[in-house]
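Chain by chain, the residues:
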Amino acid sequence: MKWISTRNNQEAVTLREVLFQGLARDGGLYLPEYTPEFQISSEDQSLPDTAFSFLKTYFTEIEEQNLQELLKNALNFEIPLVQITEDLWVLELFHGPTLAFKDVGARVMAGLLDMLYEGDAPLTILAATSGDTGSAVASAFHGRPKFRVVLLYPEGKVSNVQEQQLTTFGGNVTALKIKGNFDDCQKMVKQAFSDSKLRSVVSITSANSINVGRWLPQAVYYAHLWKQWQQLARNESPVVCVPSGNLGNLAAGLVACKHGAQFAHMIGASNANKPFPDYLNSGEFSPRSSVPTHSNAMDVGNPSNFERIEAMFHKNLDEMKKSVSAVSISDEETIATINSIYKETGYEICPHTAVGISAMRTYQKHHPAKGIVLATAHPAKFGDVLEHQAGITVSLPDTLRNALEKESLAISMNADYQKFSEFLMNLA
Ligand SMILES: *Cc1c(COP(=O)(O)O)cnc(C)c1O
């Protein structure tokens, strides 16, 4: 399998290049050159086995035995499908070490890079994070001597629990607390990648969801979901709703659909940051600054995977609309949904999952169907929102309680590219 840029399908590159390059040289995102012939089977398989049968058709450069071993280590937690009401299920993606779905992609990516990296100097992984990315990436690479991790997160815009998770790893992980918003952080990271002077001194790669090594493994849990759904002997195709920010998760779901996951429809659920819903309504894609919301991991004004989704539909808006809808949900609706699900069922949801459930319910009003919402984070990660806005006290899992007791090791920095590049140069 070779990989091509969304901006140029002439030049095909290897997986190795794709993993270490992150973004294509022309600024586009990588996609597989073709869709391999693989159909998700209905037979009962463990998550790592499902992952192996799926990903070996894409990651053909990795020796199968090594890939199988890697996936067994990376995907060593459950991803259960849980029914919460008559017509609503959630896929609990938050049972990994940092309690958010990003553990899936980050852990597979770390395994792939560790297997393939052969440089003499450590490779620096740069990640802009609105919360969950940073801790998932840091956790996945922490203690791997070939790598250093530098995280940039917006000061005051991540929850207390998240900040503690991000900033207490130490060792090969550095957290930079940036005076700015998430888009400032993402811009600094993008600028570093186009800075040839910096790159001649420091080996850097991206761990954002643009990287194929993180992005594509996410398709696996849609396969896993489809298997679980079939085993419930449901002959009705479900509608699947994905709480979305950079749209990597949604784009991965669309890959699973090419391999036999028969979803009736997919919904991208956004908060007040809604360039994707606006695009589906108007045909115009207009990136903008992000605004802060309760579902802060989705506060993205310029979703980086939009270009990938657009390319997957050959820039044909009508085709896209047949498979995908998008809904924007306000903070008020988010909190009302956290409350109503808790009252009806006793089930606690994080604000991102609440955006998804609210979008699903909006959709179901007009299109009666069974719905599955991806539960992207554990509610305890956003315990302050649940407590202050909804009066729900969530008990802390042990991993979070441990992080809260540690000392924060964050370094403060202005949203100033010059300062950032000097910092990276000094690491080399
Ligand atoms: C990152 C994140 C999202 C958004 O995922 P994208 O792939 O960027 O669309 C949603 N919910 C949570 C909890 C997240 O951490």
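Scroll up to find the structure.
The shown structure was predicted, so the numbers you read here are calculated from the model rather than taken from an experiment.

How each quantity is defined
Residues numbered from 1 in each chain as written. Predicted model: local features only at pLDDT ≥ 70, side-chain atom pairs only at ≥ 80, totals over all residues. Heavy atoms only, no water. Axes fitted to C-alpha atoms, helices over the stretch in contact; angles between N-to-C directions. Helix = DSSP H or I, 4+ residues; strand = E, 2+ residues; numbered from the N terminus. Parallel < 35°, antiparallel > 145°, perpendicular 65-115°, else oblique. Left-handed = near helix turned anticlockwise from the far one by under 90°. Contact = heavy atoms within 4.5 Å. Nonpolar A, V, L, I, M, F, W, Y, C, P; charged D, E, K, R; others polar. Phe/Tyr/Trp six-rings, centres within 6.5 Å; stacked < 30°, edge-to-face > 60°. Lys NZ or Arg CZ within 6 Å of the ring centre and 35° of its normal. Near = heavy atom within 4 Å. Polar contact = N/O pair within 3.5 Å; in protein donor to acceptor, adjacent residues only side chain to side chain. Areas by Shrake-Rupley, 256 points an atom, 1.4 Å probe, with all protein chains shown as cover. Pairing = 2+ DSSP bridges.

(A) Looking closely at the packing of helix H2 (residues 47–55) against helix H10 (residues 219–231). H10 packs onto H2 with a crossing angle of 120° between their chain directions and a minimal axis gap of 9 Å. The orientation of H2 relative to H10 falls into the category oblique. Between H2 and H10 the crossing geometry is right-handed. Residues Leu47, Thr50, Ala51, Phe54 and Leu55 of H2 touch H10, and the partners they reach there are Ala219, Val220, Ala223, His224 and Lys227. For the contact of H2 with H10, the residue count by class is 7 nonpolar, 2 polar and 1 charged.

(B) Molecular detail of the packing of aromatic side chains. All chains considered together, the criterion is met by 16 aromatic pairs. Taken together through their ring pairs, the aromatic side chains of Trp3, Phe38, Phe54, Tyr58 and Phe59 make up a single cluster. The ring centre of Trp215 lies 4.1 Å from the NZ or CZ of Arg308, which sits over that ring.

(C) Structural detail: the site of the ligand. Neighbouring the ligand are 15 residues, the closest being Lys102, Asp132, Gly245, Asn246 and Thr376. Asn246 has a polar backbone atom sitting 2.8 Å from an oxygen atom of the ligand. Here Gly248 contributes a backbone N or O atom positioned 3.2 Å from an oxygen atom of the ligand. Computed on the free molecule, the ligand has an accessible area of 380 Å², of which 97% lies beneath the protein chains in the complex. Residue composition of the shell around the ligand, by class: 6 nonpolar, 7 polar and 2 charged.

(D) Region of the structure containing the sheet that holds strand E2 (residues 8–13). One open sheet holds the 3 strands; their spatial order is E2-E1-E3, and the pairing between them is antiparallel. Single-partner strands in this sheet number two, and they are E2 and strand E3 (30–32). Adjacent strand axes in the sheet meet at a mean angle of 40° when their direction is disregarded. Two elements, strand E1 (residues 3–5) and E3, share 3 bridges in a ladder whose sense is antiparallel. When the sheet's bridge partners are listed, Ser5 is paired in E3 with Tyr30.

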